[in-house]
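# Architecture and fold: a report
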Amino acid sequence: MDAISFSDQSPSIEIGPISTSSFPNLLKGYEQGKIAILVDENTHYHCLEFLITTFDTLREAEIIEVPSGEQSKDLAICTQLWHSLTESNFGRHDLLINLGGGVVSDLGGFVASVYKRGIPFINVPTSLLGMLDAAIGSKNGIDFLGFKNQLGSFTPALRTFVDVNWLHTLPQKEWLNGYAELLKHSLIYDAILWEELLLIDTIEKELTAAQIKRGIDIKNEIVAQDPLEKGLRKILNFGHTIGHAIEAYYLETDKPLSHGHAVAIGMLLEAHLSLQLSGLQLSDFQQIKEVVLNKFSLHLPSDKSLIWQLMQHDKKNREGQIRMSLLAAVGECKFDQHVKFVEFEQAYDSIAALK
Ligand SMILES: NC(=O)c1ccc[n+]([C@@H]2O[C@H](COP(=O)([O-])OP(=O)(O)OC[C@H]3O[C@@H](n4cnc5c(N)ncnc54)[C@H](O)[C@@H]3O)[C@@H](O)[C@H]2O)c1
Ligand SMILES: [Zn+2]
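Calculation notes
Residues numbered from 1 in each chain as written. Chains lettered and ligands numbered in written order. Predicted model: local features only at pLDDT ≥ 70, side-chain atom pairs only at ≥ 80, totals over all residues. Heavy atoms only, no water. Salt bridge = Lys/Arg side-chain N within 4 Å of Asp/Glu carboxyl O. Buried < 20%, exposed > 50% of the residue type's maximum accessible area, 1.4 Å probe, protein only. Core = buried A, V, L, I, M, F, W, Y, C linked by side-chain atoms within 4.5 Å. Helix = DSSP H or I, 4+ residues; strand = E, 2+ residues; numbered from the N terminus. Domains from an automatic or database assignment. Contact = heavy atoms within 4.5 Å. Buried area = accessible area lost by both parts, 1.4 Å probe. Polar contact = N/O pair within 3.5 Å; in protein donor to acceptor, adjacent residues only side chain to side chain. Arc of directions from axis to C-beta. Donors = N, O, S within 2.8 Å, 3.2 Å for Na, K, Ca; no water. Pairing = 2+ DSSP bridges.

### Here's the deal with the pattern of salt bridges
- Inspection of the entire model under this criterion finds 19 salt bridges.
- The residue Glu70 makes a salt bridge to Lys73 at a minimum N-O spacing of 3.7 Å. By the burial criterion, Glu70 is buried, and Lys73 matches it.
- Linked through salt bridges whose partners overlap, the residues forming this network are Glu70, Lys73, Asp106, Lys148 and Glu247.

### A word on the nonpolar core
- Core analysis: the largest hydrophobic core is formed by 90 residues, its most contacted members being Phe23, Leu58, Ile97, Leu207 and Ile246.
- At 9 residues, the largest contribution of residues to this core is made by helix H12 (residues 259-277).
- A domain split of this core shows at least three residues from each of domain 1 (13-169) and domain 2 (172-352).
- In contact with Leu58, not counting residues within four places along its chain, are Phe23, Leu27, Ile35, Ile37, Leu51, Ile52 and Ile97.
- Judged by nonpolar contacts, the second largest core, of 20 residues, contains Val66, Leu81, Leu96 and Phe121.

### Quick look at the domain arrangement of the protein
- The domain boundaries assigned to the protein delineate domain 1 (13-169) and domain 2 (172-352).
- Computed over C-alpha atoms, the centres of domain 1 and domain 2 are 26 Å apart.
- Each side of the interface is counted separately: domain 1 has 21 residues, and domain 2 has 31 residues.
- When the two sides are added together, the surface that domain 1 and domain 2 hide from each other amounts to roughly 2,300 Å², 68% of it contributed by carbon and sulfur.
- Here domain 1 is connected to domain 2 by 4 salt bridges.
- Between Glu229 and Lys139 there is a salt bridge; the shortest N-O distance is 2.5 Å.
- For the pair domain 1 and domain 2, the number of links is 6 residue pairs in polar contact (both at pLDDT 80 or more).
- Those elements giving two or more residues to the side of domain 1 that touches domain 2 turn out to be strand E1 (13-15), helix H6 (128-134) and strand E7 (147-151).
- Looking at the side of domain 1 that touches domain 2 element by element, the count peaks at 5 residues for H6.

### So, helix H8 (residues 191-198)
- The set of residues buried in H8 consists of Leu193, Trp194 and Leu197. Projection of H8 onto a plane perpendicular to its axis shows the buried side chains occupying an angular sector of 105°, all on one side.
- The N-cap of H8, judged by a side-chain oxygen 3.1 Å from the amide nitrogen of Ile192 a few residues on, is Asp190.

### Considering the coordination of the zinc ion (ligand 2)
- The zinc ion (ligand 2) binds to the protein through Glu181 (OE), His240 (NE2) and His259 (NE2), with metal-donor distances spanning 1.9 to 2.1 Å.
- On the primary sequence, the residues serving as donors to the zinc ion (ligand 2) are separated as E-x58-H-x18-H. Within this pair, whereas His240 is found in helix H11 (residues 240-251), its partner His259 is found in helix H12, the two being separated by 19 residues in sequence. Like His259, His240 is buried.

### Concerning the side chain of Ser278
- By the secondary structure assignment, Ser278 is in the loop between H12 and helix H13 (282-295).
- Looking at Ser278, its side chain comes within polar contact range of the main-chain oxygen of Leu327, at 2.5 Å.
- When near neighbours in sequence (up to four residues on either side) are disregarded, Ser278 contacts Leu273, Leu326, Leu327, Ala328, Lys334 and Gln337.

### Observations regarding the pairing of strand E10 (residues 332-339)
- Sheet topology places strand E9 (residues 322-329) next to E10; 6 bridges connect them, and they run antiparallel. Pairing of Leu327 across the sheet is with Cys333, part of E10.
- Between E9 and E10, which follow one another and run antiparallel, lie 2 residues, and Gly331 among them has a positive phi close to 95°.

So this is what it looks like as structure tokens:
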């Protein structure tokens, strides 16, 4: 993968090798305090050793491990983490480092944001999805009563360090998971990036660091214009209104679907709605359909009313109406689009017929 320099970056996020970043300098400020590193079992195995052997300050760090997977974004796990922090007498001058994918940064960010009304944390995303999406933009959260990200806050990380070298050990299906978000970033904001991504066959071999950086920049640009999601930021939810409902549905089964996979299916359905409601051209819809079905298997629960019901909890809804972000064209997205059940049903039936 090609190298990237530190120039032209937002101060709270650095992209490049972590060993030559400001990470060691930042750690210096915590030499007198305590540092904890949150990992899951996979990032414990693949990533932790490099971090603690490269940075002396981390040799004494407390390691907190949670099981890998979405099930760890759970209140009982938070309670365990707050226990550990309390037992170690963690305070506001101490530091939490989230070393892992989106589950670790969502969970660690939430735990840190609430503990003693907030302690500082750093995100070191190790999955493609974490780098492109979850570890940037200040949102954190856990799932509650079967609903995705039902509890959470907007709390910025002290800094986020994106180093694509972590991706060498990332399983192929996790590349795909992150790729879904990159496709989304391009569809809502950057038609040129979309054209580039169309040409990619084997993601882990062909995706470039420059394309990953472009994906991060897109998210940053959007978040900077609307940090608290009052308007424009909602476009980042393209594919997510239906995607989250599908993800929540499978979360309750013995075959959970990854976030990216659910979002890919959500994008296909929402692209169909865009065709009906927001002016997307048929040729663009067909291209989106081809890309999604070429990369992702189509899982669609037969009970569409249940999916519609799960969508009622989406945070973008207003006055009991479903509001979605829909495409006006490739590279252009409109938020707050009112969608009725009959329209949803039409899209759902059309996509289900592709199975
Ligand atoms: N806060 C936000 O703005 C935001 C945005 C998008 C997604 N999310 C959340 O992110 C989560 C999904 O993130 P994810 O896909 O990274 O899931 P994840 O954290 O579960 O990581 C996926 C898998 O990859 C493993 N892994 C991570 N890095 C690795 C590495 N370098 N080598 C080997 N294995 C590695 C993990 O252990 C896990 O098994 C979801 O909960 C989603 O809701 C949050
Ligand atoms: Zn997402």
